[in-house]
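Chain by chain, the residues:
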Amino acid sequence: MLVYMSKYYLPRGMRNATLEERRQFYMQEFSIAKVQGWLDLLKGKVKFAAVIGRHTKIYPEKYREDTGTTIIIDEYKGLDEVQAYLTEFLPEAAYYDRNVYDENDRKKGQELAFDLDPENITCPIHGTLADKMQRHQGLGFCEIELDLVKEQAVNLCEHLEEQFSNMEIVYSGRGFHIHVFDPEAYAFSPKERRQIARKVKENGFKIDEWVTAGGMRLIRLPYSLHGLVSRVVVPVEKSELETFDPIHDKRCLPRFLGSSATS
Ligand SMILES: [Zn+2]
């Protein structure tokens, strides 16, 4: 079988957002009210982060030096100020910090999360992650991988329900995140987190261990724009996950794609 392997392959309709599209999104579409709804699930004051153009190499000229930097946004009065930063930086990605800090900025816990990405799925066409990396396609993914990663998210959620009761699933733009808000999960030690990550992997789930173990504390901000694929990061109910279609679902289509996105 001959398969054309471009450097960067994505499902139908997914593509990098331009700077102007990022501007439109953060000025007109980014919903502070929805983000606030998510923050209400969290504990304490949240730090945000932005990456301008690490993967897309699309960045405002004045931020050329910082295009690959993770910019931490922790000095802000309200979410309107966070929105102003995002409108200024026009990032390809926006995150929040899962760490919970005390008044003296010391870490006192961390939200537990599981990250399922399509590139970790072994695809009948594109192969394993190692195959993809070898072709420098580590960030690309296809519709088969998207479907398989969704199936993993459903199954992982069911698996985690044996231990946890307060969870949210988020479509991350590429794959899915499962956030755990059970109070005891915040208190897990790094060792306990590593054990949980290992067990979940042993059960066949292709998670990014670094996220669950806590080494990567940032996670994509719900309701932000995923600039690599032009999709809005949105929470999804577990009951609708099986039929959720991020290629067409209006909740995750930014307005700048227009009506052509769903045809
Ligand atoms: Zn594939």
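The following paragraphs examine the structure supplied in this document. Treat the numbers as computed from the prediction; the structure is a model and nothing was measured.

1. Quick word on unusual backbone geometry
Next up, step 1: A positive phi is found at His136, a non-glycine position, where the angle reads about 60 degrees.
Next up, step 2: Mapped onto the elements, His136 comes out in the loop between helix H4 (129-134) and helix H5 (143-160).
Next up, step 3: Here His136 falls in the exposed class, since its relative accessible area comes to 62%.
Next up, step 4: Phi is positive for Tyr223, close to 75 degrees, though the residue is something other than glycine.
Next up, step 5: Locating Tyr223 in the fold gives a position in the loop between strand S9 (218-220) and strand S10 (225-226).

2. Here we look at the sheet that holds strand S6 (residues 112-116)
Next up, step 1: Spatially, four strands are ordered S6-S8-S7-S12 in an open sheet, and the strand pairing comes out antiparallel. Each of the sheet's edge strands pairs with one partner strand only, and the pair in question is S6 and strand S12 (234-236). Neighbour-to-neighbour, the strand axes of the sheet open up by a mean angle of 30 degrees, direction not taken into account.
Next up, step 2: The sheet contacts of H5 involve S6, strand S7 (167-171) and strand S8 (176-180), and relative to S8 the element is tilted by about 15 degrees.

3. Looking at H5
Next up, step 1: Its 18 residues place the ends of H5 25 Å apart at the C-alpha level, agreeing with the 26 Å of an ideal helix rising 1.5 Å per residue.
Next up, step 2: Every buried residue of H5 is listed here: Glu145, Leu146, Val149, Lys150, Gln152, Ala153, Val154, Leu156, Cys157 and Leu160.
Next up, step 3: Buried residues along H5 sit in contact with S6, H4, S7, S8, helix H7 (190-202) and helix H9 (238-241).

4. Description of the packing of aromatic side chains
Next up, step 1: As enumerated under the stated definition, the model contains eleven aromatic pairs in all.
Next up, step 2: An aromatic cluster is built from Phe25, Tyr26 and Phe30, whose rings are joined through pairwise contacts.
Next up, step 3: In this arrangement the basic side chain of Lys43 is found over the ring face of Tyr186, its NZ or CZ atom lying 4.7 Å from the centre.
Next up, step 4: For the cation-ring pair, Lys45 lies above Tyr76, with the distance from its terminal atom to the ring centre recorded as 4.4 Å.

Reading the values: rules and limits
Numbers given to residues run from 1 along each chain, matching the order in which its sequence is written. In view of the model being predicted, local features appear only for residues whose pLDDT reaches at least 70, and side-chain atom pairs are presented and counted only at 80 or more, with totals across whole chains, interfaces and linings using the full set of residues. In computing side-chain values, all of the structure's heavy atoms are included and hydrogens and water are not. A run of H or I in DSSP counts as a helix once it spans at least four residues, and a run of E counts as a strand once it spans at least two, with each numbered from the N terminus. Relative accessibility under 20% of the residue-type maximum defines a buried residue, over 50% an exposed one, and the middle range a partly exposed one, all with a 1.4 Å probe and only protein chains included. For two strands to be treated as a pair, DSSP must find no fewer than two bridges joining them. Simply put, an axis is a line fit to the C-alpha atoms, just over the touching stretch for a helix, and the angle between two N-to-C directions goes from 0 to 180 degrees. Contacts are residue-level and defined by heavy atoms, with any inter-residue pair within 4.5 Å sufficient. To estimate how far a helix should reach, multiply one less than its number of residues by 1.5 Å. Pairing of aromatic side chains here covers Phe, Tyr and the six-membered ring of Trp, requires ring centres within 6.5 Å, and sorts the geometry by plane angle: under 30 degrees stacked, over 60 edge-to-face, intermediate tilted. Two conditions define a charge located above a ring, namely a distance within 6 Å from the ring centre to NZ of Lys or CZ of Arg, and an angle within 35 degrees of the ring normal.

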